[in-house]
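Observations on the model geometry
Read off the chains here:
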Amino acid sequence: MLVPGARCSWRRRLPSTGLRSGGPRSNVPPAHCRGVSVAGGGFGGRTASGVLWMTGQKWVSRAAGMLTIVVLTRLLSPTDFGLVAVAMSVVPFVYLLSDLGFTAYLVQVEDPRPRDFSTAFWYSAGSSLALALILGMAGRPLERLLDAPGLAPVMWGLAPAVLFVGLGAVPAAVLRRQLRFRAVALQTVIAATVGQVVAVAAALAGTGVWALVLQTVVTQAVTTALGWRSAGWKPTLEFSWSEFVRMFRYGASVVNVEVVALLRTWAENAIIVAHLGLTAMGYLSIAQRLVQVAQDLTASAVTPVTTVVFAQIRADRPRLSAAYLRSQAVVYAVVVASMMIIVSAGPSVTQVVFGSGWDESVVQAQALALAGILTAGAALDHGLLYGLGRPGLWLGYAVVVDAATVAVTAVLASRGLGAVALGFVGVALGATLLRWPMVSKQLRLPVRVVALQFGRALLVAVLAGGAGIGAYRLTDGLPDLVRILLVLVAVGAVWVGSVRLLLSRALSELVGYARSIANRARRGVNQEES
């Protein structure tokens, strides 16, 4: 049985005549159009496997990336990093334009046809080539505008990465649509590793800033090559203008959401720098990075998987609602644990991770950790609306929330970073209240059902955070690493008990993930022995 909403338009051989109705010769739909089998619980197993692989990829990528940075910072100058940082502030936006949201469309569309994939590919290939040239040509004007000597050649050096991203967009969509997150995770890790090795080798050879440029280009090139190999998909020469328009209407909202977020970030940074200076901006940036890493290593892996799942079961609203509530419980549970460790042991965590001199980031990190619990729910709701084909609804929500964030930042910036960070918490809470009726309407559930697990998650946070704060105060005078470990034990013990009592659905899901890991490991051992 195929998941409702995962069908693909293709033409069968007419049974009475044996003649084809103008489509493929086989009765089997093209591989890139197929849904995911749900018979016998296979769909749930694929989902759990996807979460596990994406989580593992996050951990490996973060660890390897940190080691690479440790090496490169000893071989390259701050100017080298600065030039690439300036260029990379533009490149992600170019990546976005080269895809135009078509990948998100292909992942969630209910009834794709082979020509839809080809249409998306030829757009991405053509636009990425044009945008790569534009990126290179923009280097000289930006170099003069920013008074950044050496920026122009770096922009030309990064241009091929844009082309590789465009060429790899559709194969990536094929893999995601089929829930083949094992392939996605492995190719991401392999590509990142190759890019890092090339960067270190180039830096040792004395290439300077080009080591960082090569890292980006090689990583994207390997990712694209492996994506094509794994997807097993080939474009045809078809291009449908009607389908292009349909994809553009969907993708425009996706792109606009990212543009709004980008404008919000620029506005926030400008306000903070104007009121508090670059040093304060640096402290806030470090706090944001700490919280982002914690989110990446916990719940971030759930969202890309559940987005595809939501798209493929959206025709069955009761099943969709049940899947959402399970995912919501898991996301809140795992994020609460990591965020409460930052709240409880913020000073020691900051000292161990970033070293001395970053004490001003502690309060901001603790406040942003509280907001992180709320934004984890936002990430899941974001994926839900994209999976339901409603990016325009999310765009309206994003405009309201991002405008509120900028306004709060402007009002509170003169009072210091602590006030700004607390303002973020207030906006996140207001945004959560705004999402409940929006999400409940889509799922056809009472608002109280959607809100209930949030209330339970907050209670888990209070209990686990209280235990962590108590442990941190009792261990005053001990080494920072020891204090963090003891806080981890205290938070973990209370977290397990409170989650079992208040978010039992999340605990059962996590246990299921653990069993999936054990079963796969056992099968691997048995295969090796045989």
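Definitions and cut-offs
- Residues numbered from 1 in each chain as written.
- Predicted model: local features only at pLDDT ≥ 70, side-chain atom pairs only at ≥ 80, totals over all residues.
- Heavy atoms only, no water.
- Helix = DSSP H or I, 4+ residues; strand = E, 2+ residues; numbered from the N terminus.
- Buried < 20%, exposed > 50% of the residue type's maximum accessible area, 1.4 Å probe, protein only.
- Contact = heavy atoms within 4.5 Å.
- Areas by Shrake-Rupley, 256 points an atom, 1.4 Å probe, with all protein chains shown as cover.
- Phe/Tyr/Trp six-rings, centres within 6.5 Å; stacked < 30°, edge-to-face > 60°.
- Expected span 1.5 Å × (residues − 1).
- Core = buried A, V, L, I, M, F, W, Y, C linked by side-chain atoms within 4.5 Å.
- Axes fitted to C-alpha atoms, helices over the stretch in contact; angles between N-to-C directions.
- Parallel < 35°, antiparallel > 145°, perpendicular 65-115°, else oblique.
- Left-handed = near helix turned anticlockwise from the far one by under 90°.
- Nonpolar A, V, L, I, M, F, W, Y, C, P; charged D, E, K, R; others polar.
- Patch = residues over 30% accessible without salt bridge, like charges linked within 9 Å, V, L, I, M, F, W, Y side chains within 5 Å.
- Salt bridge = Lys/Arg side-chain N within 4 Å of Asp/Glu carboxyl O.
- Polar contact = N/O pair within 3.5 Å; in protein donor to acceptor, adjacent residues only side chain to side chain.
- Bend = angle between axes of the 7 residues up to and from the residue.
- pLDDT = per-residue confidence, 0-100.

1. A look at the overall build of the protein chain
Across its full length, the protein chain carries 19 helices and zero strands. Every one of the 530 residues in the protein chain was classed for burial, and the buried ones make up 48%. Long-range pairs, those at least 24 residues apart, make up 81% of the contacts in the protein chain between residues at least 6 apart in sequence. When the accessible area of the protein chain is evaluated, it comes to approximately 24000 Å², of which 65% is carbon and sulfur surface.

2. Some thoughts on the packing of aromatic side chains
Counted by the stated rule, this structure contains 16 aromatic pairs. Geometrically, the ring pair formed by Phe310 and Tyr324 is tilted, given 6.3 Å between the ring centres and 45° between the ring planes. On the criterion of sequence distance, the pair formed by Phe310 in helix α11 (residues 302-312) and Tyr324 in helix α12 (residues 317-344) is long-range, its members being 14 residues apart. Here Phe310 and Tyr324 have matching classes, each one buried. Summarising the aromatic geometry, the rings of Trp436 and Phe454 are spaced 5.4 Å apart at their centres and angled 65° between planes, so their arrangement reads as edge-to-face. With Trp436 in helix α16 (residues 417-443) and Phe454 in helix α17 (residues 447-474), this pair connects stretches of sequence that are 18 residues apart. On the basis of relative accessible area, Trp436 is assigned to the buried category, the value being 14%. Judged by relative accessible area, which is 5%, Phe454 ranks as buried. An aromatic cluster is built from Phe102, Tyr123, Phe239, Trp241, Phe244 and Phe248, whose rings are joined through pairwise contacts.

3. With respect to helix α14 (residues 361-387)
Between the first and last C-alpha of α14 there are 36 Å, a value that for 27 residues agrees with the 39 Å anticipated at 1.5 Å per step. Trailing α14 by a residue or two, Gly389 shows a phi angle of about 75°, which is positive.

4. Focus on the nonpolar core
Ranked by size, the top nonpolar core spans 118 residues in total, and within it Tyr324 and Trp394 carry the most contacts. In this structure, Val91, Ala132, Ala148 and Val154 belong to the second largest nonpolar core, which totals 27 residues.

5. Considerations on the packing of helix α13 (residues 346-354) against helix α18 (residues 480-502)
Two elements in contact, α13 and α18, have axes separated by 9 Å at closest approach and are oriented at 125°. Considering their axes alone, α13 and α18 lie oblique with respect to each other. Classified by chirality, the crossing of α18 by α13 is left-handed. Taken together, the residues of α18 that come into contact with α13 (itself represented by Ser348, Val349, Gln351 and Val352) are Asp480, Leu481, Arg483 and Ile484. Looking at the contact of α13 with α18, its residues break down into four nonpolar, two polar and two charged.

6. Here's the deal with a nonpolar patch on the surface
Together, Leu129, Leu133, Ile134, Met137 and Trp156 give the surface a local cluster of nonpolar side chains, amounting to about 520 Å² of exposed area. Take the nonpolar patch: its biggest share by element is four residues, from helix α5 (residues 114-146). With respect to the helices, strands and loops of the structure, Ile134 is situated in helix α5.

7. Some words on the environment of Gln292
Here Gln292 lies in helix α10 (residues 278-296). Under the relative-accessibility criterion, Gln292 is labelled partly exposed at 36%. A C-alpha to C-alpha distance of 8.5 Å links Gln292 and Gly372, two positions 80 residues apart in sequence.

8. Considering the environment of Ala378
Here Ala378 shows up in helix α14. It is 7.2 Å that separates the C-alpha atoms of Ala378 and Thr432, two residues lying 54 residues apart in sequence. Setting aside its immediate chain neighbours within four residues, Ala378 contacts Trp394, Tyr397 and Arg435.

9. Remarks on the side chain of Thr475
In this structure, Thr475 sits in the loop between α17 and α18. Of the polar contacts made by the side chain of Thr475, one reaches the backbone oxygen of Ala471; its length is 2.9 Å.

10. Digging into the pattern of salt bridges
Tallied over the full model, the rule gives eight salt bridges. When the shortest N-O distance is used, the salt bridge between Arg264 and Asp402 registers 3.3 Å. Taken as a pair, Arg264 in helix α9 (residues 241-276) and Asp402 in helix α15 (residues 391-412) lie far apart in primary sequence, 138 residues in all. Here the salt bridges share partners, and the residues they tie into one network are Arg113, Asp116, Glu243 and Arg246.

11. Thoughts on unusual backbone geometry
The backbone phi angle of Leu100 is positive, close to 60°, even though this residue is not glycine. Mapped onto the secondary structure, Leu100 falls in the loop between α3 (91-99) and α4 (102-108). Although it is not a glycine, Arg444 adopts a positive phi angle of roughly 60°. Position of Arg444 among the secondary structure elements: in the loop between α16 and α17.

12. Some points on the packing of α14 against α16
Close contact between α14 and α16 brings their axes to 9 Å; oriented N to C, the two are set at 20°. On the basis of the axis angle, α14 is roughly parallel to α16. The handedness of the crossing between α14 and α16 comes out as left-handed. Of the residues in the contact of α14 with α16, the class split is 19 nonpolar, five polar and two charged.

13. Quick word on the environment of Arg473
Checked against the element boundaries, Arg473 lands in helix α17. On the accessibility criterion, Arg473 (65% relative accessible area) is exposed. Taking the C-alpha atoms as reference points, Arg473 and Arg483, separated by 10 residues in sequence, lie 9.1 Å from one another.

14. Details of α5
For α5, with 33 residues, the first-to-last C-alpha span of 45 Å sits near the 48 Å given by 1.5 Å per residue. Along its length, α5 reaches its greatest deviation from straightness, about 35°, at Gly139, and the proline Pro141 lies no more than four positions downstream. Immediately downstream of α5, the backbone of Asp147 shows phi near 55°, a positive value.

15. Things to note about the confidence of the model for the protein chain
Taken residue by residue, the protein chain gives an average pLDDT of 80. The fraction at 70 or more is 84%. The secondary structure element of the protein chain with the lowest average pLDDT is helix α19 (residues 504-529), at 62, and the one with the highest is α15, at 92. This model gives residues 1-29 a pLDDT under 50, and the stretch forms 63 contacts once residues within four places in sequence are excluded. In this model residues 34-43 is a low-confidence stretch, pLDDT under 50, and it forms 29 contacts with partners more than four residues away in sequence or in other chains.

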